[in-house]
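Here is how the chains run, residue by residue.
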Amino acid sequence: MSAQLPLGTALITGASSGIGEVYADRLAKRGHDLILVARNADRLAVLTERLAGATGRKVETIVADLGVAADRRRVESRLRDDQSIALLINNAGVLASGPLASANADDVEAMLDVNVTALTRLAAAAAAAFVQRGSGAIVNLSSVMSMLDTPNTAAYGATKAYVLSLTHSLHLELAPRGVQVQAVLPGYTRTPMIQDGEGLPPELVMEVDDLVDAALAGLDQKELITIPSQHKLDSYQQVFQARADLVSHLVGNKPAARYNATSSAAA
Ligand SMILES: NC(=O)c1ccc[n+]([C@@H]2O[C@H](COP(=O)([O-])OP(=O)(O)OC[C@H]3O[C@@H](n4cnc5c(N)ncnc54)[C@H](OP(=O)(O)O)[C@@H]3O)[C@@H](O)[C@H]2O)c1
């Protein structure tokens, strides 16, 4: 039986919809007070009233566009200054799809602002506060696309690979300081981001309730990486073992023989 986190306030980004909305529901029911962050004030207000009424928890909203630097800083300040916050769910995300060659570069940059810049800045603010207290947890929403080559969503997949890489390394920094880190890698999950799975084979689309319940079970079990749709844990662990085995071959002061300029020129 796994232990649950000590309760405190949970700050959830992207709480107005989909995965973030279900995190809000589950964490309020577990007994956390909540700070809900998103742009859509009306949806946040409805959710706040419903959750506060149903659970008696304190639920507050911060209406913020995480693509805007000033708004990001407001949320960062709250993470740094509010001693009650024990859990950050770094969930807000955007999917800009289509071939990169024909993409609108501003749309791609806006996605990077939310998926990479905001997520990193909020993780850094939470890390600074949690390290001071020697406790707390940061959950970063990545995707199974972080491990796949993804034509037509190349930049999106790359943002999620960034989140996975960040989480791995952040764990090494924060675990010795008493702070837990988790990356959650959803596959297709029935939310507005993927048009509720319309047109996809049903057997490939997970219900959002199941996704979040599994992710929270992974958090309780202190998993660093949680892939709710991954049944064969072994195959995933082998990938990371192979990656770790590469380490001793990745650095050195001489180029590999295949890059020997003399032999290439002679050939
Ligand atoms: N659904 C999937 O199949 C799937 C698969 C893998 C990973 N994920 C990841 O899971 C996370 C949640 O996705 P979802 O499926 O729940 O998507 P969703 O239903 O579209 O929800 C996205 C959330 O992010 C918020 N958001 C977007 N842009 C924002 C901005 N500029 N500032 C503040 N908040 C912003 C939205 O709120 P407002 O519009 O109100 O601002 C909304 O609450 C994302 O990181 C996504 O990449 C999803």
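For the structure itself, consult the block above.
Since the model is a prediction, treat every value here as computed from it, not as a measurement.

Undergrad: Quick question: what am I supposed to make of the environment of Ala41 here?
TA: Within the secondary structure, Ala41 sits in helix α2 (residues 41-55). Between the C-alpha atom of Ala41 and that of Ser16, which follows or precedes it by 25 residues, the distance is 8.3 Å.

Undergrad: Would you explain a nonpolar patch on the surface in this entry?
TA: Taken together, the side chains of Leu246, Leu250 and Val251 define a hydrophobic patch exposed on the protein surface, amounting to about 330 Å² of accessible area. Relative to the helices and strands, Val251 resides in the loop between α7 (233-250) and α8 (261-266). With a relative accessible area of 73%, Val251 lands in the exposed category.

Undergrad: Whenever I open this one, the pattern of salt bridges confuses me. Can you help?
TA: In total, this model carries 14 salt bridges according to the counting rule given. Of the charged contacts, one joins Glu21 and Arg50 as a salt bridge, the two residues approaching to 3.9 Å between their closest N and O atoms. Of this pair, Glu21 sits in helix α1 (residues 18-30) while Arg50 is found in helix α2, placing the two residues 29 residues apart along the sequence. By relative accessible area, Glu21 is classed as partly exposed at 23%. You can call Arg50 partly exposed: its relative accessible area is 42%. Residues Arg57 and Asp33 are paired through a salt bridge, measuring 3.2 Å at the closest nitrogen-oxygen approach. Of this pair, Arg57 sits in the loop between α2 and β3 (59-63) while Asp33 sits in the loop between α1 and β2 (34-38), placing them 24 residues apart in sequence. The exposure class of Asp33 is partly exposed, given its relative accessible area of 22%. Connected through salt bridges with shared partners, the residues Glu21, Asp25, Arg26, Lys29, Arg43, Arg50, Asp209 and Asp213 form a single ionic network.

Undergrad: Got a minute to help me understand the layout of surface pockets in this structure?
TA: Empty space left among the atoms is revealed by rolling a probe the size of a water molecule over them. Each pocket or cavity is described by its volume, and for the largest pocket that value is around 960 Å³. Lining the largest pocket we find 39 residues, and of these Asn91, Ala92, Gly93, Val94 and Met193 sit closest to its centre. For the lining of the largest pocket, the secondary-structure elements that each account for two or more residues are α1, β2, α4 (105-133) and α5 (154-174). Broken down by element, the lining of the largest pocket gets its largest block of residues, four residues, from α4. For the lining of the largest pocket, the per-class residue count stands at 21 nonpolar, 14 polar and four charged.

Undergrad: Hey, could you run me through the packing of α1 against α2 in this one?
TA: Each pair of packed helices gets described by two things: the angle between the helix axes and the distance between those axes. α2 packs onto α1 with a crossing angle of 20° between their chain directions and a minimal axis gap of 10 Å. One element, α1, and the other, α2, form an angle in the roughly parallel class. Classified by chirality, the crossing of α2 by α1 is right-handed. For the pair α1 and α2, contact is made by Glu21, Ala24, Asp25, Ala28 and Lys29 and by Arg43, Leu47, Arg50, Leu51 and Thr55, respectively. Looking at side-chain class alone, the contact of α1 with α2 contains four nonpolar, one polar and five charged residues.

The rules we used
- Residues numbered from 1 in each chain as written.
- Predicted model: local features only at pLDDT ≥ 70, side-chain atom pairs only at ≥ 80, totals over all residues.
- Heavy atoms only, no water.
- Helix = DSSP H or I, 4+ residues; strand = E, 2+ residues; numbered from the N terminus.
- Patch = residues over 30% accessible without salt bridge, like charges linked within 9 Å, V, L, I, M, F, W, Y side chains within 5 Å.
- Areas by Shrake-Rupley, 256 points an atom, 1.4 Å probe, with all protein chains shown as cover.
- Salt bridge = Lys/Arg side-chain N within 4 Å of Asp/Glu carboxyl O.
- Buried < 20%, exposed > 50% of the residue type's maximum accessible area, 1.4 Å probe, protein only.
- 1 Å grid on protein atoms, 1.4 Å probe; cavity = no way out; pocket = protein on both sides within 12 Å on 5 of 7 lines; lining within 4 Å.
- Points joined across faces, edges and corners; volume = space filled by probe spheres on them.
- Nonpolar A, V, L, I, M, F, W, Y, C, P; charged D, E, K, R; others polar.
- Axes fitted to C-alpha atoms, helices over the stretch in contact; angles between N-to-C directions.
- Parallel < 35°, antiparallel > 145°, perpendicular 65-115°, else oblique.
- Left-handed = near helix turned anticlockwise from the far one by under 90°.
- Contact = heavy atoms within 4.5 Å.

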